[in-house]
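Structural characterization, general
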Amino acid sequence: MGHIVVMDDSEAQFALTRYSRRLWHELRPDLPASAEYDQCGTLWVAADEQEMAEVRRKEKYYNQRGVRAEVLDARAVAAAEPYLRRNLAGGLRVVDDGVIYPPCAARYLIESAIAWKAQLRTGADVRALLREGGVVMADGSRFSAGIVVNAAGPWSPALIPGLPVRKRKGHLVITDRYPGQIHHQIIELGYLKSAHSVGTDSVAFNVQCRKTGQILIGSSRQYNEEGTEINHEILERMLQRAFEYMPGLAKLTVTRCWTGHRAATPDKLPLIGPVPDNEKIWLATGHEGLGITTSLATGKLLTDLLLERPTEISAEPYAPARLLQTNESAPEPCLTA
Amino acid sequence: MVGAGPAGIAAACVAAENRRTVAVVDNSPWLGGQIWRGIQTKTRGGTARHWLDRLQNSDVQIFSSATIFASPSANQLLAETPDGVLEFNWKKLVLATGARELFLPFPGWTLPGVMGPGGLHAMAKSGWPVAEKKVVIAGSGPLLLAVADGLKKEGARVSLVAEQANWSEVMRFGLSLLRHPRKLIQGVGIKSRIIGVPYHFGCWPVRANGSSQVESVTLTDGSRSWTVDCDYLACGFHLVPNLELPRLLGCAVSNGYVSVNEFQLTSVPDVFCAGEPTGIGGVDCALIEGQVAGWVAVEAPDYARKLFGLRADWHRFRASLHQAFALRPELRRLATPNTYVCRCEDVRLEDLSNCKSWRDTKLNTRCGMGSCQGRICGAAAEFLFGWKNDSVRPPLFPVRASSLAGKTDALPEITAEPNISSPT
Ligand SMILES: Cc1cc2nc3c(=O)[nH]c(=O)nc-3n(C[C@H](O)[C@H](O)[C@H](O)COP(=O)(O)OP(=O)(O)OC[C@H]3O[C@@H](n4cnc5c(N)ncnc54)[C@H](O)[C@@H]3O)c2cc1C
Ligand SMILES: Cc1cc2nc3c(=O)[nH]c(=O)nc-3n(C[C@H](O)[C@H](O)[C@H](O)COP(=O)(O)OP(=O)(O)OC[C@H]3O[C@@H](n4cnc5c(N)ncnc54)[C@H](O)[C@@H]3O)c2cc1C
C-alpha cells in the first residue's frame, strides 16, 4: 500500500522502521512529485476498551522514544475521520507516518543508483547463485561479481533453497476517485491480532487515500496461496471487515483489485547481511508487510556492513545467521540452472 | 448467454426452443446489442424484428442492466444490477460480449464533441439532438457508412466520411462483397440514401480544433491537409473485441480474438464464444455463430453443421473486412508528446517514453488504471506500441464495493452513517 509506518511489534522492528521513516523524511525534498509522498499520519483505531489500553501503551512507548503520537478519544476520532463508524472507543494518531506511491518511488531510487554508475538489466531472470560469486542467468550466461545480494523478495528462496521465507499473499481493492474524504492511513488495532496469527488466513481493516482521491482498501494475509489470482472468499471477508469500520465504503465504486506477495520470515524480522559460511552471498529480503517502509534503512545497513563501517542502528537483529545457524542446515547456494 | 446482441440472442433462441433453461444477461438496459438497441420496434428492420420477436416469444429469462463482473468459482458468474448482485450457475456458457470502438489518440481527440461514430449514432437514436448539426465522420470501417446513414436520417448534416483505408483496398473488399448478396444489397441501400455525402478514401484526421468544444477537424491524405468545420467529429478506427470475460475464464486468445473450434467452443470446456469476440464480422456473422453455439449447447451438433457452409461464407467476408480496413502505420504517429493517451488518468504520450510494456506503463504512469479500466487507452497502446494487456482481474467493470463483498447480512446495523459523495 505504500504506508510508511513506525511499528513496535519488537524493539528491533521499531528501530528499523523508525530509522527508515527518518530516511524517507530526509529523502522527501528529492523525491519526484509522481512518488506522491504524503505525510498524512497513521490513525490506529480502537474498537473497545481493551484496544484503548493498547492505544495508551503504544502512545507511551512511541513518545518515550521520540516518535510523536497522540491519543484521540471517540469524539476526536470522529472529527478526524467522519466516515468511521460512530461507536469506536478512540484511537492513536502517529503524526509523522506517511504514504507513498511505491512504483514511482522505486523508479526514482533505481535512477539514482544508475546516476551513481549502477547498471540496470531488466527482463534478466537469474536462475542460480554461484558459490564463487556471481549469478547464472536463464539463458545460461554467467555474470561474475564479488558479492551478490539476493533481494528477490518472496522469490528469494528460489535462489537459496531452504531460506526461511514464505509467500504471504495480500489483496487490495482500489476505488474510483473520492478526494478529500479520508485523511489518514487508517488501521484497526485488531490488525495486531490478525497480523500475528501465523498460520491462518486473516483480514484487517486498513484504508488509505491516495493523492488522486483513489481509496485503497486492505488487507488480507494468506499463506499457501502461490498464484496472483483474486481469492473471492478472502476478498469478501476483507471488505466486510472494512465495512464494519467504515460502512460508507460499501457504496463506493471499485475499479480494480490487486494481489501481491509478502516475503515472511518466522520471527517477522527481515534478513539483512551475509549468509553464514559464504561472504559472497548476501541477503536483503524477508520484509513481510513493511518492505516499502524499511527499504531505505535496509539499503543503508547493507552498505555500511559491506563497507565495514559502523551502522547507525544495530544490524544484529536482522543478521541472517539467526535463522540459518548450523552448518548442516546452512542453505546451499543453488548451482543447478 | 452473456450479451444480448445478435450472437447472444440467436444462441438463446435456439437453446430455449430446445427446451433448455436459458438466461441472457446484458449490461445495457436494452436488448439487441450494439446494432439493435435503441431502435424503435416499428422501425426495426426485418432481421432485427425476427430475432427480437423470437426471443420475446421464447422462455428465455432476460436480465438487462446486469453486468457480469466476476467468476468466483468454476461455473459461477456474478452480475451487478441496480438492485443488487445476481449469481448465475451455468452448465453451458455462451460468451457473446461483442466489440467496442477503437479510439486512437491525436491532438484534440479529447475535446467535447469528438466521439465514436457508433456512440454518437446510439445517442442520436435515443434522442440526443443532432438535427442540423454539422458532422464529420472519420476513422475506419463499414460502421462509418452505417452511421452516416443513420445520422442523416436523424437530420444531421454529414459533410464528409473520411476513411483511412485506400480506395484500392476497399475496392478489393467491395468486389468480394459481390459474393455476399445480402451485404451488397445492404451496401447499395445505404449508398443511395447517403448520396451527397462525400466518401473520401485514404484520408484521416490529424487534429481536432477548438477551445472548449470541437469546431473543426484537420484531415490529411498524406501529402495535403485541409480543415473542415464541424459541430461533431465522429471518429473511430473500427472495432476491437471485448475479451475481458473470456480471458477471465481462461479462454485461449490468439491474434487478438478468442480461439474457437468449429462448434464455437473455446479452450475451456462447455464455454462457447460467438460474434465479434471471435473476429469482427458484423451482425450476420454474429447471428450464425450464435446459432451454431446454441445447437451445440443443446447437443444437436448436426443442426449446427448445416450452418457451417453459410458461416464459412461470412468468415470469408470477415477476412476481407480485416484486410480492407487494416490500419495504416501513419496512424501510429498522430499523437504529439503532449497528446493525452489516457484520459481517465491524464497521461500524455511523453509520459510513456520510458515505458517498455503495458504493465510498466500502468505502474509508472497509471495509464489504464482509471475508471475505463484501460478499455480505451489499452486498445490504443496495443496498436501504437504492440503492448499486450492479457492480465484480467475482477471486477471486469467498475462495481460497488458491496458487490464484491458477498453476503453482507451479518453486518452490524449502523445508524447515522455518513454518505460518501460521488467522485468530484
Ligand atoms: C497487499 C500488500 C500491501 C503492502 N503494503 C505495504 C505498506 O503499506 N507498507 C510497506 O512498507 N510495505 C507494504 N507491503 C510490503 C512490501 O510490498 C514489500 O515488503 C516490498 O515490496 C519488498 O520489497 P523487496 O524489494 O524486498 O521485494 P519485491 O518488491 O518483491 O522485489 C523483488 C524483485 O526481485 C525480482 N526477482 C525475483 N526473482 C528474481 C530472479 N530470479 N531474477 C531476477 N529478478 C528477480 C522481482 O521481479 C522483483 O522486482 C505490502 C505488501 C502487500 C502484498
Ligand atoms: C458502438 C457501436 C455501434 C455499432 N453500430 C452498428 C450499426 O449501427 N450497424 C452495424 O451494422 N453494426 C454496428 N456495430 C457493429 C455491431 O456490434 C455488430 O455488427 C453486431 O452487433 C455484433 O453482434 P454481437 O452479438 O457479436 O455483439 P454486440 O451487439 O456488441 O453485443 C454484445 C453485448 O454484450 C454486452 N456485454 C459485454 N460484456 C458484458 C458483460 N461483462 N456483462 C454483461 N453484458 C455484457 C454488451 O453490452 C452488448 O450489449 C456497432 C458496434 C459498436 C461497438
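Cut-offs and rules
Residues numbered from 1 in each chain as written. Chains lettered and ligands numbered in written order. Predicted model: local features only at pLDDT ≥ 70, side-chain atom pairs only at ≥ 80, totals over all residues. Heavy atoms only, no water. Helix = DSSP H or I, 4+ residues; strand = E, 2+ residues; numbered from the N terminus. Buried < 20%, exposed > 50% of the residue type's maximum accessible area, 1.4 Å probe, protein only. Contact = heavy atoms within 4.5 Å. Areas by Shrake-Rupley, 256 points an atom, 1.4 Å probe, with all protein chains shown as cover. Phe/Tyr/Trp six-rings, centres within 6.5 Å; stacked < 30°, edge-to-face > 60°. Lys NZ or Arg CZ within 6 Å of the ring centre and 35° of its normal. Axes fitted to C-alpha atoms, helices over the stretch in contact; angles between N-to-C directions. Parallel < 35°, antiparallel > 145°, perpendicular 65-115°, else oblique. Nonpolar A, V, L, I, M, F, W, Y, C, P; charged D, E, K, R; others polar. Near = heavy atom within 4 Å. Polar contact = N/O pair within 3.5 Å; in protein donor to acceptor, adjacent residues only side chain to side chain. Domains from an automatic or database assignment. Buried area = accessible area lost by both parts, 1.4 Å probe. Salt bridge = Lys/Arg side-chain N within 4 Å of Asp/Glu carboxyl O. Pairing = 2+ DSSP bridges. Patch = residues over 30% accessible without salt bridge, like charges linked within 9 Å, V, L, I, M, F, W, Y side chains within 5 Å.

**Overview of the overall build of chain B**
A count of helices and strands for chain B gives 14 helices and 22 strands. Counting across all 424 residues of chain B, residues that qualify as buried make up 52%. Excluding contacts between residues fewer than 6 apart, the proportion of contacts in chain B whose partners are at least 24 apart in sequence is 63%. Total accessible area on chain B is roughly 18,800 Å²; 52% of this is exposed by carbon and sulfur atoms.

**What to know about the packing of aromatic side chains**
Enumeration according to the criterion identifies eleven aromatic pairs over all chains in this entry. Between the aromatic rings of F205 of chain A and Y245 of chain A, the centroid separation amounts to 4.9 Å while the plane-to-plane angle is 5 degrees, which identifies the pairing as stacked. A residue pair is termed long-range when its members are at least 10 positions apart, and F205 of chain A in strand β12 (residues 202-209) and Y245 of chain A in helix α7 (residues 232-245) qualify at 40 residues. On the basis of relative accessibility, which here comes to 3%, the residue Y245 of chain A falls in the buried class. A ring pair is formed by W167 of chain B and F201 of chain B, whose centres lie 4.9 Å apart and whose planes are at 55 degrees; its orientation type is tilted. You can see W167 of chain B sitting in helix α6 (residues 167-177) and its partner F201 of chain B sitting in strand β11 (residues 199-201), a full 34 residues away along the chain. Over the ring of W109 of chain B we find R343 of chain B; its NZ or CZ atom is 5.1 Å from the centre of that ring. For R375 of chain B, the ring lying beneath its charged end belongs to F397 of chain B, and the centroid distance is 4.0 Å.

**Examining the packing of helix α4 (residues 102-115) of chain A against helix α12 (residues 358-365) of chain B**
As a packed pair, α4 of chain A and α12 of chain B sit with axes 7 Å apart at the nearest point and diverge in direction by 100 degrees. Compared by their axis directions, α4 of chain A and α12 of chain B come out roughly perpendicular. Only D360, L363 and N364 of chain B of α12 of chain B make contact with α4 of chain A, whose side of the interface consists of P103, C104 and R107 of chain A. In terms of residue class, the contact of α4 of chain A with α12 of chain B is made up of three nonpolar, one polar and two charged.

**Considerations on the site of ligand 1**
All names here are of chain A. Around ligand 1 sit 23 residues, and of these M1, H3, V126, E288 and T293 come closest. Backbone polar atom of L290 to an oxygen atom of ligand 1: 3.3 Å apart, as the coordinates give it. I292 places a polar main-chain atom, nitrogen or oxygen, 2.9 Å from an oxygen atom of ligand 1. In terms of residue count, the dominant contributor to the shell around ligand 1 is strand β14 (residues 253-264) (four residues). Split by residue class, the shell around ligand 1 holds ten nonpolar, ten polar and three charged. Both domain 1 (126-163 + 268-329) and domain 2 (166-264) contribute no fewer than three residues apiece to the shell around ligand 1.

**Some remarks on the interface of chain A and chain B**
The interface of chain A with chain B comprises 40 residues on the first partner and 41 residues on the second. Around 3,600 Å² of area is buried between chain A and chain B when both sides are counted, 56% of it from carbon and sulfur atoms. Connecting chain A to chain B are two salt bridges. Ionic pairing is found between R366 of chain B and E36 of chain A, a salt bridge with its closest N-O pair at 2.9 Å. Summed over the shared surface of chain A and chain B, the number is twelve residue pairs in polar contact (both at pLDDT 80 or more). Elements supplying a minimum of two residues to the side of chain A that touches chain B: α4, β10 (166-177), α7 and β14 of chain A. For the side of chain A that touches chain B, a count of residues per class yields 18 nonpolar, eleven polar and eleven charged. Sheet topology note: the β14 of chain A/strand β22 (residues 399-400) of chain B ladder contains two bridges and is antiparallel. The residue of β22 of chain B that forms the bridge with V254 of chain A is V399 of chain B.

**Digging into the environment of L78 of chain B**
Residues and elements named next belong to chain B. Inspection of the secondary structure puts L78 in strand β4 (residues 76-81). By relative accessible area, L78 is classed as buried at 10%. Measuring from C-alpha to C-alpha, the distance between L78 and S403 comes to 8.7 Å, with 325 residues separating the pair along the chain. Excluding anything up to four places from it in sequence, L78 contacts T67, I68, F69, A70, P72, V85, L86 and E87.

**Considering a nonpolar patch on the surface**
All names here are of chain A. Taken together, the side chains of I147, V149, L306 and L307 make up a nonpolar region of the molecular surface, amounting to roughly 300 Å² of accessible area. Along the chain, L307 turns up in the segment after α8 (295-306). Among the residues examined, L307 registers a relative accessible area of 51% and is labelled exposed.

**Describing the site of ligand 2**
All names here are of chain B. Taken together, the neighbourhood of ligand 2 is formed by 32 residues, with A7, D26, N27, Q34 and R37 sitting nearest. With respect to ligand 2, the backbone of Q34 contributes an N or O atom lying 2.9 Å from an oxygen atom. Side-chain polar atom of R37 to an oxygen atom of ligand 2: 2.7 Å apart, as the coordinates give it. When the free accessible area of ligand 2 is taken as 980 Å², the share hidden by the protein chains comes to 92%. Among the elements of the structure, α1 (6-17), α2 (33-36), β3 (67-70), β7 (99-101), α4 (117-125) and α9 (282-297) are those that each provide at least two residues to the shell around ligand 2.

**A few points about the environment of A46 of chain A**
Residue and element names in this part refer to chain A. Here A46 is to be found in strand β2 (residues 42-46). In this structure the C-alpha to C-alpha distance between A46 and L120, which are 74 residues apart in sequence, comes to 45 Å. Once residues lying within four places of it in the same chain are set aside, the contact partners of A46 are E51, M52, V55, L88, A89, G90, G91 and L189.

**Section: the sheet that holds strand β7 (residues 135-137) of chain A**
Residues and elements named next belong to chain A. The strand order across the open sheet built from three strands is β6-β7-β8, with neighbouring strands paired in antiparallel fashion. Of all the strands in the sheet, the pair left with one neighbour each is β6 (126-129) and β8 (142-143). Judged from the three bridges that link them, β6 and β7 form a sheet pairing that is antiparallel. Of the residues in β7, the one forming a bridge with A128 is V136.

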